[in-house]
Amino acid sequence: MNIVLLGPPGAGKGTQARLLVDERGMTQLSTGDMLREARQSGTEMGRRVADVMDRGDLVTDEIVVGLIEEKLEADPGGDFIFDGFPRTLAQADALADLLDRRGLRLDAVIEMQVDDEALVRRISGRFTCASCGAVYHDETKQPRKAGVCDVCGGTEFKRRADDNPEALRTRLMEYYKKTSPLIGYYHAKGRLVRIDALAPIPEVAERVRDIVEAPRAALDEPAHSL
Ligand code: AP5
């Protein structure tokens, strides 16, 4: 099963992807995480994308398609969660081609629907474990023991440089201009499944699980909403 999690910044793509990794052993391919890793390790590419990311603009298609291709080379088996990729029509075409060449298919594209007001609240309260990247929120998801990561026991937490009001405005504009056309693209291909991602995390997880567990034939029906 290969799926795309499609949604604006703060829709909960990373949160749901991590749950699928833990529960089902799927492989999360987050281009945002890959780019942040490249920045942290100080590669030439990481330096080139730093300003673009901090502003909230999209990195070039060439760079992100290259990153995904490298991961698919390293792990040809499938069972992928594409998190934050594709984000443009050119990236969607490239993904179709990359999967096709490996005899893989995209089973479902889950559009996570959330209103802008909730996105601002989610992004402004987000923090992550500095060691393992587990995602938390000031109001909705605090670690069980204050100051200690539930997953790895780490005690250092950080906030993202692009989680500020100005960059968030740009990220949202980029989403509506360049990424939202993918909703029509995947609907036309019969791959789109919409979910209400405004609900609490466990309920959203339940909806995602229903899709991942649905028989392939059900996902091949033309219009879905689970
Ligand atoms: P990326 O890292 O992909 O960021 P994003 O798409 O803006 O998404 P986020 O990570 O902000 O949000 P999310 O949907 O994963 O939400 P999360 O689960 O964390 O990309 C960063 C940058 O990299 C881009 O701006 C761009 O520059 C570049 N980039 C990346 N991919 C690219 C590509 N393909 N092409 C070009 N450029 C690319 O949740 C957010 C918060 O809400 C958390 O605190 C969480 O605890 C909370 N939360 C989650 N779900 C719920 C819920 N149901 N109820 C209440 N709270 C919730």
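So, how was this worked out
- Note that residues are indexed from 1 along each chain, following the sequence as it is written.
- Where local features are concerned, this predicted model is filtered to residues with pLDDT of at least 70; where side-chain atom pairs are given and counted, the filter is 80 or more; whole-chain, interface and lining totals use all residues.
- As a rule here, side-chain values cover all heavy atoms of the structure and leave hydrogens and water aside.
- Paired rings are identified among Phe, Tyr and Trp, the last through its six-membered ring, by centres lying within 6.5 Å, and are further divided according to the angle between planes into stacked (under 30 degrees), edge-to-face (over 60) and tilted (the rest).
- Buried means the residue's accessible area, taken with a 1.4 Å probe over protein chains only, is under 20% of the maximum for its type, while exposed means over 50%, and partly exposed covers the values in between.
- Any residue with a heavy atom lying within 4 Å of a molecule or strand is counted as near it.
- Contacts described as polar in this section are N or O atom pairs within 3.5 Å, which, within protein, must combine one atom able to donate a hydrogen with one able to accept it, while residues neighboring in sequence count only if both atoms come from side chains.
- Note that accessible areas follow from Shrake-Rupley with a 1.4 Å probe, and for residues the cover is restricted to the protein chains shown.
- Helix and strand assignments follow DSSP, with helices taken as H or I runs no shorter than four residues and strands as E runs no shorter than two, numbered in order from the N terminus.
- Here the term charged refers only to Asp, Glu, Lys and Arg, the term nonpolar to Ala, Val, Leu, Ile, Met, Phe, Trp, Tyr, Cys and Pro, and the term polar to all other amino acids, Gly among them.
- For helices, the fitted axis covers only the stretch in contact; all axes are lines through C-alpha atoms, and the angles between them, taken along N-to-C directions, range from 0 to 180 degrees.
- Here, two residues are considered to be in contact whenever any of their heavy atoms come within 4.5 Å of each other.
- Salt bridges are defined as contacts in which a side-chain nitrogen from Lys or Arg sits within 4 Å of a carboxyl oxygen from Asp or Glu.

## Concerning the packing of aromatic side chains
Following the criterion strictly, the structure yields seven aromatic pairs and no others. Geometrically, the ring pair formed by Phe 127 and Tyr 136 is stacked, given 5.7 Å between the ring centres and 25° between the ring planes. Exposure class is identical for Phe 127 and Tyr 136. Each is buried. With a centroid separation of 4.9 Å and an interplanar angle of 85°, the aromatic rings of Tyr 185 and Tyr 186 are classed as edge-to-face. Comparing Tyr 185 with Tyr 186 shows no difference in burial state: the two are buried. Put simply, the rings of Phe 80, Phe 82 and Phe 85 touch in pairs and so form one group of aromatic residues.

## Description of the site of the ligand
Taken together, the neighbourhood of the ligand is formed by 36 residues, with Thr 15, Asp 57, Arg 87, Arg 126 and Arg 171 sitting nearest. One of the backbone nitrogen or oxygen atoms of Ala 11 is found 3.2 Å away from an oxygen atom of the ligand. The side chain of Thr 140 places a nitrogen or oxygen atom 3.3 Å from a nitrogen atom of the ligand. For the ligand, the accessible surface in isolation is 1000 Å², of which the surrounding protein chains cover 96%. Elements with a contribution of two residues or more to the shell around the ligand: helix H1 (13-24), helix H2 (31-40), helix H6 (116-124), strand S6 (135-137) and helix H9 (201-213). At four residues, H2 tops the list of elements feeding residues into the shell around the ligand. Its residues assigned to classes, the shell around the ligand comprises 17 nonpolar, 10 polar and nine charged.

## Focus on the environment of Gly 103
As for its position among the elements, Gly 103 is in the loop between helix H5 (89-101) and strand S4 (108-113). What makes Gly 103 exposed here is its relative accessible area of 69%. Separated by 26 residues in the primary sequence, Gly 103 and Gly 77 have C-alpha atoms spaced 9.9 Å apart.

## Points about the packing of helix H7 (residues 165-179) against helix H8 (residues 181-188)
Where H7 contacts H8, the axes come no closer than 5 Å and their chain directions differ by 35°. Packed against H7, whose contacting residues are Tyr 175, Tyr 176, Lys 177, Lys 178 and Thr 179, the element H8 presents Pro 181, Leu 182 and Ile 183 at the interface. Taken together, the residues that form the contact of H7 with H8 break down as five nonpolar, one polar and two charged.

## So, the environment of Gln 142
The residue Gln 142 is located in the loop between S6 and strand S7 (157-158) in this model. In this structure Gln 142 touches Phe 127, Tyr 136 and His 137, once residues within four positions along its chain are discounted. Here Asp 138 takes part through its backbone oxygen, which lies 2.9 Å from a polar atom of the side chain of Gln 142.

## What to know about the side chain of His 137
As for its position among the elements, His 137 is in strand S6. Assessed through its relative accessible area of 8%, His 137 is described here as buried. A distance of 3.4 Å separates a polar side-chain atom of His 137 from the backbone oxygen of Arg 122. Each residue touching His 137, except ones within four places of it in the same chain, is listed here: Arg 121, Arg 122, Gly 125, Arg 126, Phe 127 and Gln 142.

## Description of the pattern of salt bridges
Enumeration according to the criterion identifies 22 salt bridges in this entry. With a closest N to O distance of 2.9 Å, Arg 171 and Asp 163 form a salt bridge. Exposure remark for Arg 171: the relative accessible area of 10% places this residue in the buried category. Residue classification places Asp 163 among the buried positions, given a relative accessible area of 16%. Where Glu 203 meets Arg 207, a salt bridge forms, and the shortest distance between an N and an O atom there is 3.9 Å. Here Glu 203 and its partner Arg 207 are both found in helix H9, four residues apart, which amounts to about one turn of the helix. According to the relative accessible area criterion, Glu 203 is partly exposed, its value standing at 41%. Taken together, the salt bridges that share partners define one network made up of Arg 126, Arg 160, Asp 162, Asp 163 and Arg 171.

Structural measurements only, silent on function.
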